[in-house]
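What the coordinates show
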Amino acid sequence: MRQPLLERAEAALESWVEARGQVPTRETVEGFRLLALHRQGARGVPSFNACRETCREIAYHYNLLGERQDERQELMMRMLVQHLELFVRGKLEIEGLGEFCCASRPLRQKSGSEEKTDA
Amino acid sequence: MSKYEKVAYYPGCALEGTAHAYNESTKAVGKALGLELDEVEDWNCCGAMEVKNVDPKVQTYLSSRVMSIAANEMQHKVVMAPCNGCYHNLKKAEYDLAHDASSREVVERISKKAGHQTYQAGQVETIHALDWIKDGIGEDELKRRLKGSLKGLKVANYYGCMYTRPRHIFPEKDQGPGSESTLQPHFMDDLLAAAGAENVDFPLKTACCGGAHTLSDSDTSTRLVLNILQAAEAAGADVIATECPTCHSGLEMHQVRAEKVLGEKTKVKMLYFTQLLGVALGVSPRKLGVHENVSDGISLLKEKQIA
């Protein structure tokens with residue numbers, strides 16, 4: 001069951017990368033394409049790192065489930081994948097509105113922060 | 001005397017409103033542990049998300065003003081902020097002022113106009129309430145001061161996203177044994193375990209709660225929160241311990257909304273980690289503001305015979 005879950009997670013990140021007009025990478029990071037896709041998706045979008053640990057937990061649970069089958073670990077991996085899908089869906093929906101997360105970029109980035117600081 | 005024994009306290013806006021209970025419980029725990037809080041005089045908003053999105057350098061200034069008052073007017077070396085948003089923004093301002101000349105220039109210009117001394121990077125150390133207790137008291141001393149125990153309580157520790165991200169503004173983290181980890185934060189786990197709680201294995205401890213777009217996209221926020229709540233329950237948790245007022249409100253509000261809108265009921269409760277520590281230190285749940293929480297923590301504490 002771990003392989004289809006990993007592929008679902010990769011598919012979520014592929015959607016994000018494609019929506020930004022890029023070709024999803026086939027490379028891997030630490031043996032996982034998922035982590036390479038996350039790195040690609042976060043380039044220029046710091047707030048996308050809010051799903052970095054979720055991706056790493058998915059990779060960790062994938063490894064755990066390779067050792068032995070465990071219903072609880074499998075459920076956790078499913079919930080992690082679901083969280084990633086929800087997060088990416090939310091990001092896709094609000095992309096047009098600008099960034100509202102912790103490491104956000106300014107809404108009027110093009111006008112330059114120097115000009116905006118009217119103080 | 002530990003450098004955290006008396007610190008400048010920056011509660012921030014949320015702790016005067018929706019997170020009033022976090023404010024009360026932080027102060028009560030400090031009192032019980034002999035840690036003194038000296039509230040920053042005439043503090044202002046840290047710039048939160050709204051100002052930062054419009055002009056990040058104004059946010060840097062707003063946070064720097066808080067640190068300037070603490071350092072230059074109150075002669076403090078340490079500022080403690082229990083809110084993840086405030087903590088994050090003060091740390092970010094510190095980083096920007098240390099590394100970006102244009103940020104320094106803007107902060108100096110606005111500070112002069114405002115008529116106060118300009119904050120210089122390095123004048124204060126900004127810490128979270130978790131650092132304050134973990135490094136100011138530590139688990140051994142905490143155990144010594146306990147008057148009760150959280151034994152029998154299964155806890156999922158939820159840190160949210162701003163406590164550890166982005167990593168470069170938290171240079172003191174990831175420094176090996178004893179330091180906090182940005183990948184697997186554990187300070188809250190350590191403190192609550194010392195108070196007798198059983199921490200469950202919870203893989204979503206730093207996952208996004210959707211708090212930042214709760215108004216622009218409530219449905220996604222509700223689904224993200226529901227997933228966190230359901231994962232905590234699947235992990236066996238009775239309660240989710242929080243250390244961020246935005247996360248805490250989001251978890252509580254969307255728990256209610258998930259039931260109303262999606263028909264998905266979850267039973268797990270939410271309590272600030274300071275409320276849990278306070279109970280173990282013998283402070284009454286009422287003084288800790290447990291009755292102010294939306295989720296019914298009082299019943300849980302009674303059921304577990306903790307309070």
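What you are looking at is a predicted structure, and each value in this text was computed from that prediction instead of being measured. (Residues numbered from 1 in each chain as written. Chains lettered and ligands numbered in written order. Predicted model: local features only at pLDDT ≥ 70, side-chain atom pairs only at ≥ 80, totals over all residues.)

Looking only at helices and strands, one finds five helices and zero strands in chain A. Along the chain direction, N to C, the helices and strands of chain A fall in the order α-α-α-α-α. In chain A, which comprises 119 residues, the proportion classed as buried is 38%. Here the contacts in chain A between residues at least 6 apart in sequence split such that 55% fall between residues at least 24 apart. (Helix = DSSP H or I, 4+ residues; strand = E, 2+ residues; numbered from the N terminus. Buried ≥ 20, exposed ≤ 12 C-beta atoms within 10 Å, placed from the backbone. Contact = placed C-beta atoms within 7 Å.)

Attention now moves to the nonpolar core. Soluble globular proteins: nonpolar side chains tend toward being buried together. With 124 residues, the main nonpolar core has Ile58 of chain A together with Val79, Met80, Ile228 and Leu276 of chain B as its most contacted residues. The element contributing the most residues to this core is helix α4 (residues 71-94) of chain A, with nine residues. The residue makeup of this core includes at least three contributed by each of domain 1 (6-128) and domain 2 (147-303) of chain B. With residues up to four places along the chain from it excluded, the contact list for Ile228 of chain B reads Tyr158, Leu204, Ala207, Cys209 and Leu251 of chain B. (Core = buried A, V, L, I, M, F, W, Y, C linked by C-beta atoms within 7 Å. Domains from an automatic or database assignment.)

Residues and elements named next belong to chain B. Here we have four strands laid out as an open sheet, ordered β2-β1-β3-β4, and parallel in their pairing. The open sheet has two edge strands with one neighbour each: β2 (36-39) and β4 (125-128). Going across the sheet, the axis of each strand differs from the next one's by a mean of 40 degrees, ignoring polarity. Pairing of strand β1 (residues 6-9) with strand β3 (residues 78-81) involves two bridges; the strand directions are parallel. Opposite Tyr9, over in β3, you have Met80 as the bridge partner. Strands in contact with helix α6 (residues 129-136) are β1, β3 and β4; relative to β4, the strand with the most contacts, it is inclined by about 90 degrees. (Pairing = 2+ DSSP bridges. Axes fitted to C-alpha atoms, helices over the stretch in contact; angles between N-to-C directions.)

Where β1 of chain B and β2 of chain B come together, four bridges link them in parallel fashion. Among the inter-strand pairings, Lys6 of chain B is bridged to a residue of β2 of chain B, identified as Glu36 of chain B.

Residue and element names in this part refer to chain B. The four strands lie next to each other as β6-β5-β7-β8, forming an open sheet whose pairing is parallel. Two strands in the sheet have a free side with no partner beyond their single neighbour: β6 (198-199) and β8 (269-272). Examined bridge by bridge, strand β5 (residues 154-158) and strand β7 (residues 239-242) share four bridges and lie parallel to one another. Counted as the bridge partner of Val155 is Val239 from β7. Sitting on the sheet, helix α11 (residues 273-280) is in contact with β7 and β8, with an inclination near 75 degrees to β8.

With that settled, consider helix α1 (residues 20-33) of chain B. All names here are of chain B. The end-to-end C-alpha distance of α1, which contains 14 residues, comes to 20 Å, matching closely the 20 Å that a straight helix rising 1.5 Å per residue would cover. Along α1, ten of the 14 residues are buried, which leaves the element largely enclosed by surrounding structure. Looking at the buried residues of α1, the elements they touch are β2, α6, α10 (245-262), β8 and α11. At the exit of α1 stands Gly34, carrying a positive phi of roughly 75 degrees. (Expected span 1.5 Å × (residues − 1).)

With that settled, the discussion passes to the packing of helix α2 (residues 33-42) of chain A against helix α3 (residues 52-67) of chain A. All names here are of chain A. Orientation of α2 relative to α3, taken along the N-to-C sense of each, is 170 degrees, at an axis distance of 9 Å. The orientation of α2 relative to α3 falls into the category roughly antiparallel. Contacts from Leu34, Leu35 and His38 in α2 reach Arg52, Cys55, Ile58 and Ala59 in α3. In the contact of α2 with α3, the residues fall into five nonpolar, one polar and one charged. (Parallel < 35°, antiparallel > 145°, perpendicular 65-115°, else oblique. Nonpolar A, V, L, I, M, F, W, Y, C, P; charged D, E, K, R; others polar.)

Before going further, it helps to spend a moment on the environment of Arg286 of chain B. Structurally, the position occupied by Arg286 of chain B is in the loop between α11 and α12 (297-303). A C-alpha to C-alpha distance of 31 Å links Arg286 of chain B and Ala70 of chain B, two positions 216 residues apart in sequence.

Here we take up the domain arrangement of chain B. Quoted interface sizes are often the accessible area lost when the parts come together. All names here are of chain B. Under the domain assignment, chain B is made up of domain 1 (6-128) and domain 2 (147-303). Of note, the centres of domain 1 and domain 2, computed from C-alpha atoms alone, are 24 Å apart. With 22 residues of domain 1 in contact, the opposing surface of domain 2 contributes 25 residues. Ranked by the residues each element gives to the side of domain 1 that touches domain 2, the list is headed by α1, at nine residues. Taken together, the residues of the side of domain 1 that touches domain 2 break down into eleven nonpolar, eight polar and three charged.

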